[in-house]
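Working through the structure, step by step
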Amino acid sequence: MRWISSCLIVAALLLSGCLQKTPVASIKDAENIRRTTDGRVFVTGGDGLFEIRRNESGSFDAIFVATSEQGCSYHAGLAELHDWLFFVCARQTELSLRELNFIDSGALLAYSLRDDCRAVESSLPDGCVVPITDLSGYQFPNGLDALVTEDAILLADEEFLRGRGGISKVKIDFSAGIPVLADYQHHWLNADHGVYAANAVRVVDGNIYLTDVGFFKRVKLNVDGSPSRAKILFRSETFLDDFDVTCNGFLIADFVRGRLVYVPKE
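Let me sum up the structure you'll find in this document. Treat the numbers as computed from the prediction; the structure is a model and nothing was measured. Counting restarts for each chain, with residues numbered from 1 along the sequence as it is written. Side-chain atom pairs in this predicted model are given and counted only at pLDDT of 80 or more, local residue features only at pLDDT of at least 70, and totals for whole chains, interfaces and linings cover all residues. Heavy atoms throughout the structure, all of them, feed into the side-chain values; hydrogens and water do not.

Two strands pair under a simple rule: DSSP has to find at least two bridges between them. A run of H or I in DSSP counts as a helix once it spans at least four residues, and a run of E counts as a strand once it spans at least two, with each numbered from the N terminus. As paired elements, strand β14 (residues 207–212) and strand β15 (residues 215–220) share six bridges and run antiparallel to each other. Among the inter-strand pairings, N207 is bridged to a residue of β15, identified as K220. In this antiparallel pair of consecutive strands, β14 and β15, the connection spans two residues, and V213 shows a positive phi of 55 degrees. In this structure, β15 lies alongside strand β16 (residues 231–235), joined through four bridges in antiparallel fashion. Opposite K217, over in β16, you have I232 as the bridge partner.

As a further point, take the packing of aromatic side chains. Any two of the Phe, Tyr and Trp rings considered here, Trp counted by its six-membered ring, make a pair once their centres fall within 6.5 Å; the pair's planes then place it as stacked at under 30 degrees, edge-to-face at over 60, or tilted in between. A complete count under the given rule lists seven aromatic pairs for this structure. Ring geometry for Y209 and F216: centres 6.1 Å apart, planes at 20 degrees, overall stacked. Here Y209 matches F216 in class, with each residue buried. When the centroid spacing of 5.0 Å and the interplanar angle of 80 degrees are considered together, the rings of F216 and F243 count as edge-to-face. Separated by 27 residues along the polypeptide, F216 in strand β15 and F243 in strand β17 (residues 240–246) bring together distant segments of the chain. Side by side, F216 and F243 carry an identical accessibility label, which is buried. Taken together, the ring pairs in this structure connect Y209, F216, F243 and F250 into an aromatic cluster. Only protein chains enter the accessibility calculation, which uses a 1.4 Å probe; a residue whose area is less than 20% of its type maximum is buried, one above 50% is exposed, and one in between is partly exposed.

Overall, antiparallel pairing links the four strands, which are arranged β1-β2-β3-β4 in an open sheet. Strands at the two margins of the open sheet, each flanked by one partner only, are β1 (32–35) and β4 (60–66). The sheet shows a mean angle of 30 degrees between the axes of neighbouring strands, direction not considered. Two strands pair when backbone bridges link them, and β1 and strand β2 (residues 41–45) are joined in this way by four bridges, in the antiparallel orientation. Across the sheet, I33 pairs through a bridge with V43, a residue of β2. Axis definition: a line fitted to C-alpha atoms, limited for helices to the stretch in contact. Angles are taken between N-to-C directions and run from 0 to 180 degrees.

Let's shift gears to the side chain of D212. Checked against the element boundaries, D212 lands in strand β14. Pairs of N or O atoms within 3.5 Å make up the polar contacts considered here, provided that, within protein, one atom can donate a hydrogen while the other can accept it, and that residues adjacent in sequence are counted only when both atoms are side-chain atoms. Among the polar contacts made by the side chain of D212, one reaches the main-chain amide nitrogen of Y196 at a distance of 2.9 Å. At 3.0 Å, the side chain of D212 and the side chain of K217 are in polar contact. Not counting the four nearest positions on each side in its chain, D212 is found in contact with G194, V195, Y196, A197, A198 and K217. Whether two residues are in contact is decided by their heavy atoms, any of which lying within 4.5 Å being enough.

Looking now at the environment of L49. In this fold, L49 is placed in strand β3 (residues 48–54). A relative accessible area of 0% places L49 in the buried class. Along the sequence, L49 and V88 sit 39 residues apart, while their C-alpha atoms lie 9.6 Å from each other.

Another point: the state of the cysteines. Such a bond, covalent and formed between the sulfur atoms of two cysteines, is termed a disulfide. We call a pair of cysteine sulfur atoms a disulfide whenever their separation is within 2.5 Å. This structure, assessed with the given rule, holds one disulfide. Each sulfur of the disulfide joining C72 and C89 lies 2.2 Å from the other. An S-S torsion of about -105 degrees defines the bridge between C72 and C89 as left-handed. Of this pair, C72 sits in the loop between β4 and β5 (74–81) while C89 sits in strand β6 (residues 84–96); the two residues are 17 residues apart in sequence, bridging distant segments of the chain. Each member of the pair, C72 as well as C89, carries the same accessibility label: buried.

Here, a salt bridge means any side-chain nitrogen of Lys or Arg that lies within 4 Å of a carboxyl oxygen of Asp or Glu. Summed over all chains, the structure comprises nine salt bridges. Of the charged contacts in the structure, one is a salt bridge between R40 and E51, with a shortest N-O distance of 3.0 Å. Residue R40 is located in the loop between β1 and β2, and its partner E51 is located in strand β3; the two are separated by 11 residues in the primary sequence. Taking relative accessible area as the criterion, E51 reaches 6% and is therefore assigned buried. The partner of K171 in a salt bridge is E150, with the nearest N and O atoms 3.6 Å apart. Of this pair, K171 sits in strand β11 (residues 166–173) while E150 sits in the loop between β9 (141–147) and β10 (152–157), and the two are 21 residues apart along the sequence. Look at K171 and you get partly exposed, because its relative accessible area is 29%. Because the salt bridges share partners, they merge into one network encompassing R40, E51 and R53.

Let's shift gears to the sheet that holds strand β13 (residues 198–204). Taken in spatial order, the four strands line up as β13-β14-β15-β16 in an open sheet, and their pairing is antiparallel. Every other strand in the sheet has two partners, leaving β13 and β16 as the edge strands with one partner each. Here the average twist between neighbouring strands, direction ignored, is 20 degrees. Inspection of the sheet shows β13 paired to β14 by five bridges, in the antiparallel sense. Counted as the bridge partner of V203 is I208 from β14.

Structure (structure tokens):
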């Protein structure tokens, strides 16, 4: 079990802040990061989608690769599915005072990871980006992940003011060569499942993990694909943000306290 010990040592160093922090690239309002299956690294930021690339001198550059050009307040969420990278163009306009969410919440977009993406026909000026669906009734659309078994994208909504957020499920049809909306279930996971203000979401070993204000939760999927009620794996009086899978567990960003929290996988 030497690898477990090594992982725990690395996690302990990260949590203690002992590792040297080296700036890699400057991205305004950087939000989410994703390493694709072929090893490329992408980041969403205020101005769009960026790829981190090593330059000739050996340092790194943030290369602007995509934007929606739709007046986004910010860009967020990253999920890979069938050679496409999905992300959110979030807009915060037309606030519903009754529901405390935004009628025009933005759009879910997809960026082609293929080398020939410029030849892909699209309604957007950049042939590498195609629109999937407009979003409505979100407060803060943010985290994304792929539910590969259903060709679906999961989209978190951090509606923490009233606790009526959740996770939506967007099924995608790839038969035409580009991703097309097949089905959309707004807040597929919601208060009925013990999910109230999801920020980040990951699908791991067929289970759905998420941060929900100060809670880290797991939702098991039943045999028919329906979700069970969320189980709390960790809680703290804070706001938990994005997280990643590492060392047979999870490293979770604590937004308020500026720390990383390690939670082992059950």
